[in-house]
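Residue-level structural notes
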Amino acid sequence: MHPLLRKAIRERFGKLNRLQQDAFREVSSGKSVLIIAPTGSGKTEAAVLPVFNEILENSLKPISALYIAPLKALNRDLLERLEWWGEKLGVTVEIRHGDTSAYRKAKQTKNPPQMLIITPETLGVILTVKSLRKHLTNVKFVIVDEIAELVDNKRGAQLLLNLERLVEIAEFKRIGMTATVGNEDEVREWLKADTIVKPSWKKNYRFHVLYPKPEGKDEKLARELSLSPEIAARLRLLWEIVEGHGNALIFTNTRQFAEILAHRLKAWGKPVEVHHGSLAKEARIKAERALKEGRIRALICTSSMELGIDIGDVDVVIQYMSPRQVNRLVQRAGRAKHRVGEVSEAYVITSNVEDYLQSLVIAKHALEGRFEAVEPIGGLDVLAHFIVGLLVEYKRLPRERPYEIARRAYVYRDLSWEDYLDVLRVLEDARLIGYDEGKNLLYLRRGAFQYYYENLSTIPDEVSWRVFDGGSGHIIGRLDERFVMDLEEGMDFVMNGRSWIVLKIDDEARLLKVRESRSLESAIPSWEGEMIPVPFGVAFAAGRLKRELAFDFEKAKGFLEGVEFREGELERAFGEIKDEPFSTDRDIVIESTPKALVIHADFGNRANEALGRLVHSFLILRYGRVFSVRAQAHTIVFKTPFQLNPEEVKGYLYGEPESLEFIVARALRDSHAYRWRMLNVAKRFGALRRDAKIRRIERLFEGTVIERETLSELYHDKVDVGKGKLVLEMLKRGTMRVKTELRREPSTLARLNMTVGGEFLLSGTLERDEILELFMNRLLDHEVVLVCTNCGWHSKTKVSRLRSIKDRECPRCGSKMLAIAHPIDAEEFLPVLEKVRHGKPLERKEERTYRKLLKAADLVDSYGFEAVLALASYGTGPDTAARILAQYRGDALLVALMERERQFIRTRRFWVDRKEKGEEGEKAGES
C-alpha cells in the first residue's frame, strides 16, 4: 500500500475493516470484483481505495478511473467523500453529468481528472467527445455503484453496451457495489466480475411490525387534524417511536404519500422535513442538513434516501405501511445504526389487516435472508441506440461488428442475428443509418446525431396531462404520464383529495376528460402508478400465513419467529377476516357483489395483472366493454354494472395455461399502457421524433420489432405471464382450488381493495347524506337549455333557476310544453321543429330528435323539477329518465341518477362502438 494512502486511512478511520481488506487484496491482484454488503459496511471505500492505490503506485494517466453512479444526488454526496481522499492523496476527482456547466466541461477536457464521477447516461456522451476520447484510452478501472438500481431496467442494459464500447479503446477492470440481492451470481455475470467480496459478519436487524388500535387520546388528535381515529393512532405511535430514539428516517412508498405524511406531522407541530426525488436539489440539501445538524427529528423520505447519502447518524428507521419487498425493507432498515456490528432497528406501522400480514412476512423473509432476485433486461430499442452510437464514433463499420460487440454484454448474450437485422431495418427505414451492400459497411445518415443525443436516457420524458372537468368546464390540474398510462375510460382515480371518473382519454391533446365521481369506491390513488410491486414470493407467503392462522394459531406464531410483533394485534388482525372469504396459498376466492367482482388471489401485482387481463378478456367477449379491472398484490377487482355469476368466472381460470400469453398480449394491445409504452419504444428506436404525438400508434407498428419490444417491456415491468401460467397449472393439477361466494355486501378484504389508497385523503368515507348533497349541488350548477317544443323559444339557464318549472309558461306562445335539453340537442331540435311547423316530412334521425324533446317536455309537465334533475344528469335521456322517475322520488331518485351516471360512463365506450357500427338503440341515441 502506498504510504500516502496508509496515512490517510489512519486519519480517516484507523484501519480498514475486513470487507475493505478483502476487496483491496482482490482488486490489487488484478481481478474484477463485485462487492455485496449492507448499507454502512464501507462499500465505497472498499471499491475506491485499491483504485487510488494503483493510481499512486503506478502514476496512472488521467482519466484512469470512472465512477458511475445512478443518481445525481448520490454523485453530490460521493463527490464530498471522494474529494477528501483526493486532497489527502493528491489525486484529482471531479464530477460530470447533465447539469455540469459548459465551463467546467471545457476545463475537464483540457485538464482531465484522474477519477471522473458520472451517471450511466454521461458515459454515452463522453464516448463521442473527440477531445475526451483520447483520455478515455487511459481508463484502467470502472466502478459501478448501486448495481441493483440498474440491473432490472434499460438504463443498465445501455450501460453494459456502453462499457463494451469503452472496451474497444481501453483495457480496464470492473468493480461493482450493491446491497444484498437474491441472485448474486447472476449479478456478478452481469457485471463481468471475476469474484464476489462479501462481509464475513452477518448484519443484524430488529424488525417491529405494528398494527395500532385507536385509544382514547387519539380521538382528540383526530379532531385536531380532521383525521379518522385510526390514522391518528398511527401518527401518535409513529411519533412515540421517534421520541423514544434520536434521529429518525420515516420511509413511505411514494413521493405523494411522503408529502401528505409530512403535511400531517407539521400540522401537528412536529419538527420534520420531506425528502424525495421530485424536490429541487436545494430543498433536498436543506432537509439533509437540518437532520444532520439536529434542527429536525425526522426526515420523511422515499427510495431516494435508501442509497448512501450522508445524513449523519440515524438511530431508527420507520416504514409507514408495508415496504412491499424484502430488499426494500433491508435497504431502508440498514440506514439506522449502520456501523459494523451495530443492530439496525426498524419499525413498520401498518394501516390494515392485509398491510399487516404482508409486512410480517417481509420482516420474516428479511431475517432469513430470502431476498428478491433482480431480473436483468436487455432491449432491442437500446440496441438500436448503441448501434448508432458506435457509428457516431467510427463513422463506418462492417455490418456484423455491432452484433459481435453487443453479444459480449450479458443481457445480449443470446441476441439472434434475425433480431439484429430487424433492428437495422428500423434504423434504415428511419434514415438514421445506411448499408453499403457491396462493401458490407454500415454508415451514418444525417439525422443520426440528433437521434443519438436526444435518446441518451432510456427514462421516458415526464410529460404531464391536463385534467379537464366536464362539469365545471375548467382544467383542474395535471397528472404525470406514468400515472395516466394505468387509467382506462370508466375508471376512478383520486386527485387533490377528491375522486374522479375518466370520461375520455385524448392521447393527441394529452387531455383527460373527467367528472367528479363523489365516491372513493374503486378510486385508484394517484400514486399507484409509482407504487412498488409486491413480488409473487411475498404475496404467496402471506397467503400461507393466513392459512396457518386459520388452521393453528400457535403454529402460525412460530412461522413468524424472530419478528417483533404483539400477539394481541395478530389476533385482532386475523379476527377481522376469519369469518369472511379470504385467499391462501392453496385457495383462490371469487367474491361477487352487485357492483364488483373481487378475485382474492395471493400472487403479487404482476401475476395478478396477467390473470386479471385473462378474465377481463373473456368477460368482454361475452358482455362487451362494460367492466374495468385493477390488479393488486392480493386481489383482482372488477367494477361491474350487474352482479356476475362467480361460477362463470371460475370457469375462465380453468382454461389451457399455454393460451395465457396469447390472450394477455391481445388484451394489452388494447390498453392505454401499451400505447404509452409503444410510443416511448418507437422513440428510442428512432422510428418517431421525440415530440411526436400519434393517435393510433398500435396500428402504425403492428407486427414489427417495435411491437415485440413493447410487449417484452410490459412483461418485464408489469405483467408476469410466467407466474400467471404457474397459477393456472396449479389449478389444473389440483394443488390450488377456487371457491366462490355470492354476496349482497363486500367482505372486509374486498372493501379494503375496492377503496385502496383513501388514507389521508379524507377524514373517512363520506356519509350517504354528504354524497347526495354533493351530487345535488353539482346538478343545480349544471347549465341546460329550456326549449319550447311548440314555438321554438329557447334560453340557456342553470338547473337551480328552474325549481318553479311547474308554473312556467313559454314567454312567446304561453305553452306549458317546455323541455330541458343539452345545448347540442337543443341546437339539433330547432331546425327539425321548423320543418314540422311547415308540414315537411322528417328523416328517421330528425324524427328521433323531435320525439326525444317532446318526451322531455312531457316528463317536465308530469314530474316538474325532479324531471329537470333527471334530464340534467349525465347519460340520462328521456327514455331512461321516464323509467327512473316512475320508480323513485326524493333521495332515492338522486341515488338512482348517481348510479345511472356511473353505469353510463362504464359502458360508454361499448355504446359508442355500437353506434359507430350502425347499431341503433335507445342508449346509443341517448349517448
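Here the structure is a predicted model, which is why all the values come from computation and not from measurement. (Residues numbered from 1 in each chain as written. Predicted model: local features only at pLDDT ≥ 70, side-chain atom pairs only at ≥ 80, totals over all residues. Heavy atoms only, no water.)

1. Re the packing of aromatic side chains
Scanning the entire structure with this criterion turns up 17 aromatic pairs. Aromatic pair Y205 and F207: ring centres 5.5 Å apart, planes at 10°, arrangement stacked. Neither Y205 nor F207 differs from the other in exposure class; each is buried. Judged by centre distance (5.2 Å) and plane angle (85°), the ring pair of Y452 and Y453 falls under edge-to-face. (Phe/Tyr/Trp six-rings, centres within 6.5 Å; stacked < 30°, edge-to-face > 60°. Buried < 20%, exposed > 50% of the residue type's maximum accessible area, 1.4 Å probe, protein only.)

2. Thoughts on the sheet that holds strand β15 (residues 433-436)
As summarised here, the arrangement of the 3 strands in space is β14-β16-β15, forming an open sheet in which the pairing is antiparallel. With one partner strand each, in any of the chains shown, β14 (396-398) and β15 form the two edges of the open sheet. Averaged over all adjacent pairs, the angle separating strand axes in this sheet is 25°, with direction ignored. Against the sheet, helix α19 (residues 417-429) contacts β15 and β16 (441-444), and its axis sits at roughly 115° relative to β15. (Pairing = 2+ DSSP bridges. Helix = DSSP H or I, 4+ residues; strand = E, 2+ residues; numbered from the N terminus. Axes fitted to C-alpha atoms, helices over the stretch in contact; angles between N-to-C directions. Contact = heavy atoms within 4.5 Å.)

3. Details of the sheet that holds strand β2 (residues 65-68)
The strand order across the open sheet built from 7 strands is β3-β4-β2-β5-β6-β1-β7, with neighbouring strands paired in parallel fashion. Edge positions in the open sheet fall to β3 (93-96) and β7 (195-197), since each of these has one partner strand only. Within the sheet, the average angular offset between the axes of one strand and its neighbour, ignoring direction, is 20°. Strand direction decides the pairing type here: strand β1 (residues 33-36) and β7, joined by 3 bridges, are parallel. In the sheet register, V33 faces β7, and the bridge partner there is T195. Strand contacts of helix α2 (residues 18-28): β1, β5 (141-144), β6 (173-178) and β7, with the helix running at about 155° to β7, the strand carrying the most contacts.

4. Digging into α19
When the terminal C-alpha atoms of α19 are compared, their 18 Å separation across 13 residues agrees well with the 18 Å that a helix rising 1.5 Å per residue should span. The complete set of buried residues in α19 reads Y420, L421, V423, L424, V426 and L427. Those residues of α19 hidden inside the fold are in contact with α17 (380-394), α18 (401-406), β15, β16, α28 (672-685) and α30 (705-717). (Expected span 1.5 Å × (residues − 1).)

5. Considering the nonpolar core
Counting 114 residues, the largest nonpolar core has L66, L383 and I599 as its most contacted members. Element by element, the count of residues in this core is highest for α17, at 10 residues. Discounting chain neighbours no more than four positions away, the residues touching L383 are L161, A406, Y412, L415, Y420 and V423. Grouped together as the second largest cluster of nonpolar side chains are 48 residues, Y211, L360, V361 and I577 included. (Core = buried A, V, L, I, M, F, W, Y, C linked by side-chain atoms within 4.5 Å.)

6. Some remarks on the environment of P841
Following the sequence through the fold, P841 ends up in the loop between α34 (823-837) and α35 (844-863). Classification of P841 by relative accessible area gives exposed; the value is 68%. Apart from residues no more than four positions distant in its own chain, P841 is found in contact with K835 and E846.

7. Overview of the state of the cysteines
Here the structure, examined in full by the defined rule, presents 0 disulfides. There is no disulfide at C788, and the cysteine sulfur nearest it, in C813, is 3.6 Å away. (Disulfide = S-S within 2.5 Å.)

8. As for the packing of α35 against helix α36 (residues 865-872)
Put simply, α35 and α36 touch, their axes get as near as 6 Å, and they point 140° apart. The angle between α35 and α36 places the two elements in the oblique class. For the pair α35 and α36, contact is made by A856, L859, V860 and Y863 and by F865, E866, A867 and L871, respectively. Counted by class, the contact of α35 with α36 contains 7 nonpolar, no polar and 1 charged residues. (Parallel < 35°, antiparallel > 145°, perpendicular 65-115°, else oblique. Nonpolar A, V, L, I, M, F, W, Y, C, P; charged D, E, K, R; others polar.)

9. Things to note about unusual backbone geometry
P62 connects to I63 through a cis peptide bond whose omega is -5°. Its place among the elements puts I63 in the loop between α3 (43-58) and β2. For S59, which is not a glycine, the phi torsion comes out positive at approximately 45°. Note on placement: S59 falls in the loop between α3 and β2. Relative accessible area serves as the criterion here: at 60%, S59 is assigned to the exposed category. Its identity is not glycine, yet R324 carries a phi of approximately 75°, on the positive side.

10. As for the pairing of strand β22 (residues 587-592)
With respect to burial, β22 is a largely interior element, 6 of its 6 residues being buried. Burial along β22 is two-sided: D587, V589 and E591 facing one way and I588, I590 and S592 facing the other are all buried. Where β22 lies against strand β26 (residues 737-742), 6 bridges are found, and the strand directions are parallel. In the strand pairing of β26, E591 is matched with E741. Inspection of the sheet shows β22 paired to strand β23 (residues 596-600) by 4 bridges, in the antiparallel sense. Residue pairing in the sheet places V589 in a bridge with H600 of β23. In sequence, β22 turns back onto β23 through a hairpin of 3 residues.

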